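# Descriptive structure summary
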Amino acid sequence: MGEILKKRIEYLTGKIAPKETLKKLEQECEDILKQYKENKTLIEENEKRVLVERVRDSYKKILTLGVAYNTENSVYYKDELLFVIAHEVLQNNYENYYNLESIEHTNWWQWEIGYPLLLNDILILFLERVEKDLIDKIIDVTRYFLPDERYLGNNPVAMHPSGSPLRPATGGNLIDTCKIMFLRGALLNSLEICQKAVESISETLEIISEKNVETLSNRDGFYADGSFIQHGFIPYAGTYGNVLLSGIAEIIYLVDEKLRNKIDTKKICERVYSSFEPLFFKGAITDIVNGRAITRDGNDHQIGHEVINSLLLLAHGVDEENRVKLLEIAKRELSLDKYYLYTEKEKRAIFYNLSKDVLKNSKIKVKSYSSEVKCFNEMDRVFYRNREFAIGLAMHSKKIGNFETFNGENTKGWFTGDGAVYIYSKGDEYIDYWKGVDFYYIPGTTEIKMDMENIKGVESSVENMPKNSVAEGYGDKESGVAYMDFINWNGKLSSKKNYIFKKTGMVYLENYITGEGEVYSTVANMRISNLKNKTIRIDGKPMKDTFVTGEFKEISLGNLIYKFYKSEKINLEIYGEEENRFIKIWIDLGVNPVNYTVAWEVVIVV
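To start, this report covers the structure provided alongside it. (Residues numbered from 1 in each chain as written. Predicted model: local features only at pLDDT ≥ 70, side-chain atom pairs only at ≥ 80, totals over all residues. Heavy atoms only, no water.)

This part is about the packing of helix α1 (residues 2-13) against helix α7 (residues 171-187). Taken N-terminus to C-terminus, the directions of α1 and α7 make an angle of 120°; their axes are 8 Å apart at the nearest point. In terms of orientation, α1 lies oblique with respect to α7. In this structure, α1 crosses over α7, and the sense of that crossing is left-handed. Seen from α1, the contacting residues are Ile 4, Leu 5 and Arg 8; seen from α7, they are Lys 179, Phe 182, Leu 183, Ala 186 and Leu 187. In the contact of α1 with α7, the residues fall into six nonpolar, no polar and two charged. (Axes fitted to C-alpha atoms, helices over the stretch in contact; angles between N-to-C directions. Helix = DSSP H or I, 4+ residues; strand = E, 2+ residues; numbered from the N terminus. Parallel < 35°, antiparallel > 145°, perpendicular 65-115°, else oblique. Left-handed = near helix turned anticlockwise from the far one by under 90°. Contact = heavy atoms within 4.5 Å. Nonpolar A, V, L, I, M, F, W, Y, C, P; charged D, E, K, R; others polar.)

Structure (structure tokens):
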């Protein structure tokens, strides 16, 4: 067990940190020390944020102090004040917020996963200094809230939005609980606990064969077509999927050969190649599989950055053939990302060093994307990627929800799964996109004009799944098609959506559009913050006003050319703050349209 704890410290600290990450770490410590002078608890006094999140942040702060305390070339190495602060926060939180008298509230995840994950690492980093009595008390609390990696809600005070807290842990959540139990076992010097946690990993890698579409039960995990689902009906490869991937990579990094043999490393590599690699574009993981995380601080490149880290770590625990493949993917994405520079953003020494190593390794080649229309029909997603651009498609059906909102995240994601089209070319298209976009105008969607704020019943749930039965795609290396039998959230709008993927872009054909109310169809909604480097032309002439309406044949947004095949009213509007401006293009279909047709094509000039 001592070797596992030692390797965990090395994982968390990098042991000797490069100057680039060391500077960031020491600056964070300096900021935390300043906060401590004003507030000894390190719990932010901000009533706008819920208490459970602020308590978790206090744990994250002392984890940072623990990393610096154990980083040998840090000015804070073995600094007594850092331990004193960490000890005070541990004691205060135990006495007041997280103990055997606590009752789950606000969000079950914090109590059963969030706090235990952080506390394991904090105890490992300060293990030589924290008294055994406090260590035992804290482990008793984490054990109380999570006694078994196989189940969530397995405690007397559990809560869950469904009203039925006790349930099997699945997908990314199961790997989180396995990691908690594994590190708990190491802290308790229990090989039995560690081994049981490792053995539970295997079920997360199995292909889901029984679909359970009607009940939406037991649907979390991987599918043969590369789909990954969490929460029963939400595509989540970029977030929960990567939690699963990174958690397994961390455990593989820590275990000895005997325990490692209990993990099918070839199978996890297969999941990478089918469920993660096809969703990369220039360092980003497309937002079509990021669920409610699209509106968090960060962006698709940051999510891609985290997946790259998982690949870098995983590569050091697999056979040589797969090691090379994983590092080739990581190196390609590191090399292609020009907008979210890895070396500027990465704070963790271990990943910074691994990325430097792979970039310097001439034996690891950077291979170009091969063209493919990848259809993830089990999760109603399509992603067409070639060397120059990518197009993502997010649909819904009776088996896949339209969107998810929870804990104040993605509260305006109403239309993000209604056949939405995501176009990638330069690579920066969705950086800061969700911070300023008008959520009523999502490209590729047709909707009824109405105030959506505070309307209940828009988001999918087990009791309120979409009514349309078909959303699927078919493709090969150079071309493909997708179809969606669309019914909107309240059943008052329906249509047949068709998408044709070509070497030059995509054709959009939506017909039989029939609805109650004023209906509109969004063609584009694009960030143009760097407008000086872009041109907007309408039928060959520059757009001079911030709002234009009329019948047009062609609109150019930089290197995207939209061609319209019908004579109809098209609207263009520039909006947003100066540093994050947008242009949206939409077609008004009138009031109560019957069997209306919209047809346009986007050509991506490279």
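Membership of the largest hydrophobic core comes to 146 residues, with the highest contact counts inside it found for Tyr 59, Ile 62, Leu 90, Phe 182, Ile 248, Leu 314 and Trp 434. Looking at which element gives the most residues to this core, the answer is helix α5 (residues 108-125), with twelve residues. Once residues within four sequence positions are removed from consideration, Tyr 59 is found in contact with Leu 90, Asn 93, Tyr 98, Tyr 115, Leu 118, Leu 119 and Ile 122. Ranked by size, the runner-up nonpolar core spans 47 residues in total, among them Val 382, Ile 570, Leu 572 and Trp 600. (Core = buried A, V, L, I, M, F, W, Y, C linked by side-chain atoms within 4.5 Å. Buried < 20%, exposed > 50% of the residue type's maximum accessible area, 1.4 Å probe, protein only.)

Along strand β22 (residues 560-564), four of the five residues are buried, which leaves the element largely enclosed by surrounding structure. Alignment of strand β21 (residues 554-557) against β22, held across four bridges, turns out to be antiparallel. The residue bridging Ser 556 from the neighbouring strand is Ile 561, located in β22. Joining the antiparallel neighbours β21 and β22 is a turn of two residues, in which Gly 558 adopts a positive phi near 60°. Strand direction decides the pairing type here: β22 and strand β25 (residues 596-604), joined by five bridges, are antiparallel. The partner of Ile 561 across the bridge, within β25, is Val 603. (Pairing = 2+ DSSP bridges.)

When glycine is set aside, most residues are seen to have a negative phi, and most peptide bonds are trans. Look at Lys 282: it is not a glycine, yet its phi comes out positive at around 50°. Of note in this structure, Asn 410 is not a glycine but carries a positive phi near 60°. Checked against the element boundaries, Asn 410 lands in the loop between β10 (390-394) and β11 (420-424).

So, about the sheet that holds strand β12 (residues 446-448). Overall, antiparallel pairing links the five strands, which are arranged β12-β17-β24-β23-β20 in an open sheet. In this open sheet, the two strands that pair with only one neighbour each are β12 and β20 (547-550). The sheet shows a mean angle of 30° between the axes of neighbouring strands, direction not considered. Sheet analysis places β12 next to strand β17 (residues 518-527), joined by three bridges and oriented antiparallel. The residue bridging Glu 447 from the neighbouring strand is Tyr 520, located in β17.

Our next topic: the packing of aromatic side chains. Per the counting criterion, the structure on display carries 36 aromatic pairs. Note on Tyr 422 and Tyr 430: the rings are 5.7 Å apart at their centroids and 40° apart in plane angle, and the pair reads as tilted. Ring-pair connections join several aromatic residues into one group, and the members of that group are Phe 281, Tyr 369, Phe 383, Tyr 422, Tyr 424, Tyr 430, Tyr 433, Trp 434, Phe 439, Tyr 575 and Phe 582. In this arrangement the basic side chain of Lys 7 is found over the ring face of Tyr 253, its NZ or CZ atom lying 4.5 Å from the centre. (Phe/Tyr/Trp six-rings, centres within 6.5 Å; stacked < 30°, edge-to-face > 60°. Lys NZ or Arg CZ within 6 Å of the ring centre and 35° of its normal.)

Quick look at helix α8 (residues 191-199) now. Listed in full, the buried residues belonging to α8 are Cys 194, Ala 197 and Val 198. Buried residues of α8 fall within an arc of 100° about the axis and therefore sit on the same side. At its buried positions, α8 is contacted by α7, α9 (237-254) and α10 (257-260). (Arc of directions from axis to C-beta.)

With that settled, consider the pattern of salt bridges. Using the criterion set out here, one finds 42 salt bridges in the structure. For the salt bridge of Lys 34 with Glu 30, the shortest nitrogen-to-oxygen distance reads 3.7 Å. Of this pair, Lys 34 and Glu 30 both sit in helix α2 (residues 19-38), four residues apart, roughly one helical turn. (Salt bridge = Lys/Arg side-chain N within 4 Å of Asp/Glu carboxyl O.)

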